[in-house]
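# Architecture at a glance
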Amino acid sequence: MHRVIISGIGVEIPEASITNEELVASFNSWVDMENIRREVSGEPLVQKSDSAFIVHASGVQTRHVIEREGILDPTRMAPRFPARPDEALSLEAEFGIASAGKALDHAGLKPGDIDLVICSASHHQRPYPAIAIEMQQALGTKGAGFDMGLGCSSAAAALHIAVNLVRAGAHKRVLVTTPEIITGHLNFRDRQTHFIFGDASVSMIVEGLAQGEKRPGRFEVLDTRAWTQMSNSIRTNLGYYTRATQDDPYMIDLEGNLIKQIGNKVFKEVTVAGHKFIVEFLAEHGLTPQAIRRFWLHQANARMNAMILKLSFGHDVDHDRAPMVLERLGNTAAAGAIIALSENHADMKAGDYGLLCAFGAGYSIGGALLRML
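These lines cover the structure that appears in this document, whether it is placed above or below.

The rules behind each value
Along each chain, numbering runs from 1 in the same order as the chain's sequence is written. Selection of residues for local features in this predicted model requires a pLDDT of at least 70, selection of side-chain atom pairs for listing and counting requires 80 or more, and totals for whole chains, interfaces and linings are taken over all residues. To obtain the side-chain values, all non-hydrogen atoms of the structure were included, while hydrogens and water were left out. Numbering of helices and strands runs from the N terminus; a helix is a DSSP stretch of H or I covering at least four residues, while a strand is a stretch of E covering at least two. As a reference, a globule follows 2.2 Å times the number of residues to the power 0.38, and the radius of gyration itself is taken over C-alpha atoms. Classification of residues uses two cut-offs on accessible area relative to the type maximum, computed with a 1.4 Å probe and protein chains only: under 20% is buried, over 50% is exposed, and between them is partly exposed. The contact rule is simple, with two residues in contact once any of their heavy atoms fall within 4.5 Å. Using the Shrake-Rupley algorithm and a 1.4 Å probe, accessible areas are obtained, with residue cover drawn only from the displayed protein chains. Charge counting follows a simple rule: Lys and Arg are positive, Asp and Glu are negative, and His as well as the terminal groups are ignored. Charged groups are reduced to one reference atom each: NZ for lysine, CZ for arginine, CG for aspartic acid, CD for glutamic acid. Here a strand pair is declared whenever DSSP counts at least two bridges between the two strands. What counts as an axis is a line fitted to C-alpha atoms, over the stretch in contact for a helix, and the angles between N-to-C directions run from 0 to 180 degrees. A pocket here means an open set of points on a 1 Å grid, computed over the protein atoms alone, that has protein on both sides within 12 Å along at least five of seven lines. A cavity is instead a set of points where a 1.4 Å probe fits but cannot get out; residues with an atom within 4 Å of a point line either one. Grid points are joined across faces, edges and corners, and a volume is the space filled by probe spheres set on the points. Any residue outside Ala, Val, Leu, Ile, Met, Phe, Trp, Tyr, Cys, Pro, Asp, Glu, Lys and Arg is labelled polar, Gly included; the first ten of those are nonpolar and the last four are charged. Here, two cysteine sulfur atoms that lie within 2.5 Å of each other are counted as a disulfide. Definition of nonpolar core: a set of buried residues of the types Ala, Val, Leu, Ile, Met, Phe, Trp, Tyr and Cys, connected through side-chain atoms within 4.5 Å. For this document, the term salt bridge refers to a Lys or Arg side-chain nitrogen within 4 Å of an Asp or Glu carboxyl oxygen. What the arc covers is the set of directions going from the helix axis to the C-beta atoms.

### As for the overall build of the chain
- In terms of regular secondary structure, the chain is built from ten helices and 13 strands.
- In terms of overall dimensions, the chain is globule-like: its C-alpha atoms have a radius of gyration of 21 Å, near the 21 Å expected for 373 residues.
- Judged by the C-alpha coordinates and their principal axes, the chain covers about 75 × 55 × 35 Å.
- Here the chain holds 373 residues, and the buried ones make up 51% of them.
- For the chain, restricting intrachain contacts to residue pairs at least 6 apart in sequence, the fraction spanning at least 24 positions comes to 78%.
- Carbon and sulfur atoms provide 53% of the accessible area of the chain, an area that totals close to 16,900 Å².
- Side-chain charges of the chain comprise 36 positive and 42 negative groups, with the mean position of each set lying 6 Å from the other.

Written out as structure tokens, the structure reads:
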């Protein structure tokens, strides 16, 4: 059984961003137009009050996106991704490669050193060919590649698989990449969810640690864990059979098929499950939350993270112990916890413990106990 490390981390954040004020203005303009249409029949829609509501509900101030003009256009309210020919690199593969290249550089590796690519994200551009295989070809990695997903736990779940494959000797070096272009699947006309998400791409290199090898500044992965429990409280129904559910299968109605969630229920249930997962996972290793130098949690909701940590510690926990990137990036789905890790570890000392933990649709939770070398 091999010791395993995360030898490289890469993050790619789109340059374009959208503030709460811009999002509210766009939403309210659409509501005004829609209410004119509904004057003859139908209940009028309610405008978004102001950006302060978004901050209170989620902690988000701004979010970065692949394309902003289509999102802010009240006549469209969706990003514009120009179609590409089959022979061209797909948008998701391109986004994944951007962070993968940075992870390879951080690890001091070349693409040929990688023998498996796992592309794990909450939303994939297509079912097949796998985005991972497309990335494998474009990068020039060896071996194989496959796609997977587990909602906002996708990166943690892929790390769970990669670590155990390397530990068992099945692969030497695995590239885990999570290109989250979640705005392409987001309903910007849904008052409950349109303000939550942003786009980001992250990648990690997982490899074995040779006997006696020293890799200061890298994290050894001591253990990983995955947990799931069925819930419809965060759900999307857009899939391969969507057209077959329509009266006209060639004119797809997206209403009800895009992301939806029952926010209050998710908050309560995931808070309880997240706290239980963290405490029990650490206890298996004889550790308490107080022994962990830093927590990199899923970046979905600032109040939820604060409550999970308060339940775990018995008191409020500050930004140094559990850093947040949500305020400026929004919920970047499975990428968020990895961004928090990438940006907040340089000050850690050899022997310090860290816990990566993500939670989301499913419900699903993924965790990794790390120790700085």
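### Considering the sheet that holds strand β8 (residues 219–228)
- The nine strands lie next to each other as β5-β4-β6-β7-β1-β8-β13-β12-β11, forming an open sheet whose pairing is mixed. Taken across any chain shown, the strands that pair with only one partner, and hence form the sheet edges, are β5 (144–148) and β11 (294–297). Neighbour-to-neighbour, the strand axes of this sheet turn through a mean angle of 25 degrees, independent of strand direction.
- Strand direction decides the pairing type here: β11 and strand β12 (residues 353–360), joined by four bridges, are parallel. Considered in β12, the bridge of Leu-297 is made with Cys-357.
- Relative to the sheet, helix α6 (residues 154–168) contacts β1 (3–12), β4 (116–120), β5, β6 (173–180), β7 (200–209), β8, β12 and β13 (364–372), its axis offset from that of β8 by approximately 125 degrees.
- Packed on one face of the sheet, helix α7 (residues 263–283) meets β8, β11, β12 and β13 and runs near 35 degrees to β13.

### Structural notes on the layout of surface pockets
- Size it by volume and the second largest pocket reaches roughly 450 Å³.
- Sorting elements by how many residues they give to the lining of the second largest pocket places helix α5 (residues 131–139) first, with four residues.
- Its residues assigned to classes, the lining of the second largest pocket shows twelve nonpolar, three polar and seven charged.

### Looking at the state of the cysteines
- In total, this model carries zero disulfides according to the counting rule given.
- The structure places no disulfide on Cys-357, whose sulfur is separated from the nearest cysteine sulfur, that of Cys-152, by 12 Å.
- Residue Cys-357 is classed as buried on the basis of its relative accessible area of 0%.

### Here we look at unusual backbone geometry
- A cis amide bond links Tyr-128 to the next residue, Pro-129, at an omega of -5 degrees.
- Tracing the chain through its elements places Pro-129 in the loop between β4 and α5.
- Omega for the peptide link from Gly-362 to Tyr-363 comes to -5 degrees, which places this bond in the cis form.
- Tracing the chain through its elements places Tyr-363 in the loop between β12 and β13.
- A positive phi angle, near 55 degrees, is found at Met-77, a position not held by glycine.
- Structurally, Met-77 can be placed in the loop between α3 (69–72) and α4 (91–107).
- Despite not being glycine, Ala-333 has its phi angle at roughly 55 degrees, a positive value.

### Notes on the nonpolar core
- Residues Leu-159, Val-174, Val-206, Trp-296, Ile-339 and Leu-370 are the most contacted members of the largest nonpolar core, which totals 37 residues.
- At the level of secondary structure, the elements contributing two or more residues to this core comprise β1, β4, α6, β6, β7, β8, α10 (336–343) and β13.
- Broken down by element, the residue count for this core peaks at seven residues, all from α6.
- Setting aside residues no more than four positions away along its own chain, Leu-370 makes contact with Ile-6, Phe-219, Glu-220, Val-221, Trp-296, Leu-341, Asp-352, Tyr-353 and Gly-354.

### Description of the pattern of salt bridges
- Under the defined criterion, the tally for this structure stands at 22 salt bridges.
- Across the pair Glu-213 and Arg-215 runs a salt bridge whose closest N-O atoms are separated by 3.3 Å.
- The exposure class of Glu-213 is partly exposed, given its relative accessible area of 30%.
- Arg-215 sits in the buried class, given a relative accessible area of 18%.
- Here Glu-220 makes a salt bridge to Arg-371, at a shortest N to O gap of 3.6 Å. One end of the pair, Glu-220, is in strand β8; the other, Arg-371, is in strand β13, and 151 residues separate them in sequence.

### Here we look at empty space enclosed by the protein
- Under the definition given, this model contains one cavity of 30 Å³ or more.
- Quantified by volume, the largest cavity comes out at close to 40 Å³.
- In terms of lining residues, the largest cavity is bounded by Ile-6, Ile-9, His-106, Gly-217, Arg-218, Phe-219 and His-345.
- Class assignment of the residues belonging to the lining of the largest cavity gives a composition of three nonpolar, three polar and one charged.

### Brief notes about the side chain of Asn-28
- Looking at the secondary structure, you find Asn-28 in helix α1 (residues 20–37).
- Taking relative accessible area as the criterion, Asn-28 reaches 13% and is therefore assigned buried.
- The residues contacting Asn-28, other than those within four sequence positions of it, are Gln-47 and Lys-48.

### A word on helix α2 (residues 51–58)
- Ser-51, Ile-54, Ala-57 and Ser-58 are the residues of α2 that are buried. When α2 is viewed along its axis, its buried side chains cluster within an angular range of 125 degrees and face the same direction.
- Of the surrounding secondary structure, the elements contacted by the buried residues of α2 are α1, β3 (62–64), α8 (302–313) and α9 (326–329).
- Just downstream of α2, Gly-59 is the residue with a positive phi angle, here 90 degrees.

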